[in-house]
Amino acid sequence: MKPVPHATSLRRAPVQRRSAERLTRILDACADLLDEVGYDALSTRAVAQRASVPIGSVYRFFGNKRQMADALAQRNLERYSERVTQRLRDAGEDGGWRTAMDAVLDEYLDMKRTAPGFSLVDFGNQIPVGARQAEPNHRVADRLTELLSGHLGREPDEDLRRVFLIAVETADTLVHLAFRVAPEGDQRIIDEAREMLRAYLARVLD
């Protein structure tokens, strides 16, 4: 089992394997319950029951449900990064930034459709429900700059980070629109978003 990445919202980072596995069960339970009951009805006690751990184990890691949701968002970002990295590794040098952009967008869409709890917390910008804070998109842009600069043969400087931040903000807005229009994401809006991103990135990356 892969260890859960350290999240800033953790009261205490797991050290032993057993502790890491317990934290994984807690976050898995949190994600499932978010889909089932929503954030407002989520409770640390319900998470403990679903994860089959004592309530004290939840409070060992988290002071409240917001910290738990933040840690789930951080785990989502780590898993997303791993998926994008694997896609780029499989693609090799083929496709340049266009292949990279497809990997970034496709993996986000797939997690949006399949990852438990993702529709509410994704990378941290929707809790409380409806909140649209800037910080998570900055974190995503930073991570993409780190992941993609080598693949693109570009320096991971502020210019590249700004490009990715604009792309992330654009994709975030349009993908949320697509999923408001249709439960699985309106494909026509997604196609328009992809074309818009390609046009912008072609201007700055070609």
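Our subject is the structure listed above.
Criteria and cut-off values
Residues numbered from 1 in each chain as written. Predicted model: local features only at pLDDT ≥ 70, side-chain atom pairs only at ≥ 80, totals over all residues. Heavy atoms only, no water. Helix = DSSP H or I, 4+ residues; strand = E, 2+ residues; numbered from the N terminus. Contact = heavy atoms within 4.5 Å. Areas by Shrake-Rupley, 256 points an atom, 1.4 Å probe, with all protein chains shown as cover. Phe/Tyr/Trp six-rings, centres within 6.5 Å; stacked < 30°, edge-to-face > 60°. Buried < 20%, exposed > 50% of the residue type's maximum accessible area, 1.4 Å probe, protein only. Axes fitted to C-alpha atoms, helices over the stretch in contact; angles between N-to-C directions. Parallel < 35°, antiparallel > 145°, perpendicular 65-115°, else oblique. Nonpolar A, V, L, I, M, F, W, Y, C, P; charged D, E, K, R; others polar. Polar contact = N/O pair within 3.5 Å; in protein donor to acceptor, adjacent residues only side chain to side chain. Left-handed = near helix turned anticlockwise from the far one by under 90°. Core = buried A, V, L, I, M, F, W, Y, C linked by side-chain atoms within 4.5 Å. Expected span 1.5 Å × (residues − 1). Arc of directions from axis to C-beta.

K.L.:
What exactly am I supposed to notice about the overall build of the chain here?
P.N.:
Summing up its helical and strand segments, the chain has 9 helices and 0 strands in all. Tracing the chain from N to C terminus, the helices and strands come up as α-α-α-α-α-α-α-α-α. Across the chain, every contact between residues at least 6 apart in sequence was considered, and the portion connecting residues at least 24 apart equals 64%. Carbon and sulfur atoms make up 50% of the accessible area of the chain, which totals about 10600 Å².

K.L.:
Explain the packing of aromatic side chains here, please?
P.N.:
Taken as a whole and assessed by the stated rule, the structure comprises 6 aromatic pairs. Ring plane angle 55° and centroid distance 6.3 Å describe the contact between F61 and F62, whose orientation is recorded as tilted. Here the two residues F61 and F62 agree in accessibility, since each one is buried. Judged by centre distance (5.8 Å) and plane angle (35°), the ring pair of Y108 and F123 falls under tilted. On the criterion of sequence distance, the pair formed by Y108 in helix α5 (residues 96-114) and F123 in the loop between α6 (118-121) and α7 (135-152) is long-range, its members being 15 residues apart. Both residues of the pair, Y108 and F123, belong to the buried class.

K.L.:
So what exactly am I meant to see when it comes to the packing of helix α8 (residues 158-181) against helix α9 (residues 187-205) here?
P.N.:
Two packed helices can be described by the angle between their axes and the distance between those axes. Their axes nearest at 9 Å, the elements α8 and α9 cross at an angle of 170°. By the angle class used here, α8 and α9 are roughly antiparallel. Taking contact as the criterion, the partners of L160, R162, V163, I166, A167, T170, A171, L174, L177, A178 and V181 in α8 are, on α9, I189, I190, A193, M196, L197, Y200, L201, V204 and L205. Here the residues of the contact of α8 with α9 are counted per class, giving 18 nonpolar, 1 polar and 1 charged.

K.L.:
Help me out: how do you make sense of the side chain of R75 in this one?
P.N.:
Summarising the element assignment, R75 is placed in helix α4 (residues 65-91). Within the structure, the side chain of R75 is placed 2.8 Å from the side chain of D28, a separation counted as a polar contact.

K.L.:
What is the right way to read unusual backbone geometry from this model?
P.N.:
Despite not being glycine, S52 shows a phi value in the positive range, around 60°. When you line up the elements, S52 lands in the loop between α2 (44-51) and α3 (55-61).

K.L.:
Would you mind going over the packing of α5 against α9 with me for this structure?
P.N.:
Close contact between α5 and α9 brings their axes to 10 Å; oriented N to C, the two are set at 150°. Overall, the two elements α5 and α9 adopt an arrangement that is roughly antiparallel. Classified by chirality, the crossing of α9 by α5 is right-handed. Together, W97, R98, M101, D102, L105, D106, L109 and R113 of α5 and Q187, I190, R194, L197, R198, L201, A202 and L205 of α9 make up the contact between the two elements. Taken together, the residues of the contact of α5 with α9 sort by class into 9 nonpolar, 1 polar and 6 charged.

K.L.:
Would you take a moment to explain the nonpolar core for this structure?
P.N.:
Side chains of a nonpolar character, in soluble globular proteins, are inclined to be buried together. By size, the foremost hydrophobic cluster in this structure holds 36 residues, and its most contacted members are Y80, F123, L144, L148 and L201. Of all the secondary-structure elements, those providing two or more residues to this core are α4, α5, α7, α8 and α9. Broken down by element, this core gets its largest block of residues, 10 residues, from α8. In this structure, Y80 is in contact with V104, E107, Y108, M111, F123 and L144, ignoring residues within four places of it in sequence. One finds L34, L42, A48 and V53 within the second-largest nonpolar core, a separate group that totals 23 residues.

K.L.:
Is there a simple way to think about α9 in this case?
P.N.:
For the α-helix, the turn length of 3.6 residues means that residues three or four positions removed from each other point alike. The terminal C-alpha atoms of α9 lie 26 Å apart, and with 19 residues this matches the ideal 27 Å at 1.5 Å per residue to within 8%. The set of residues buried in α9 consists of I189, I190, A193, R194, L197, Y200, L201 and L205. Down the axis of α9, the sector holding all buried residues measures 140°, keeping them to one side. Opposite the packed face of α9, turned more than 90 degrees from it, sit the exposed residues R188, E192, A199 and R203.

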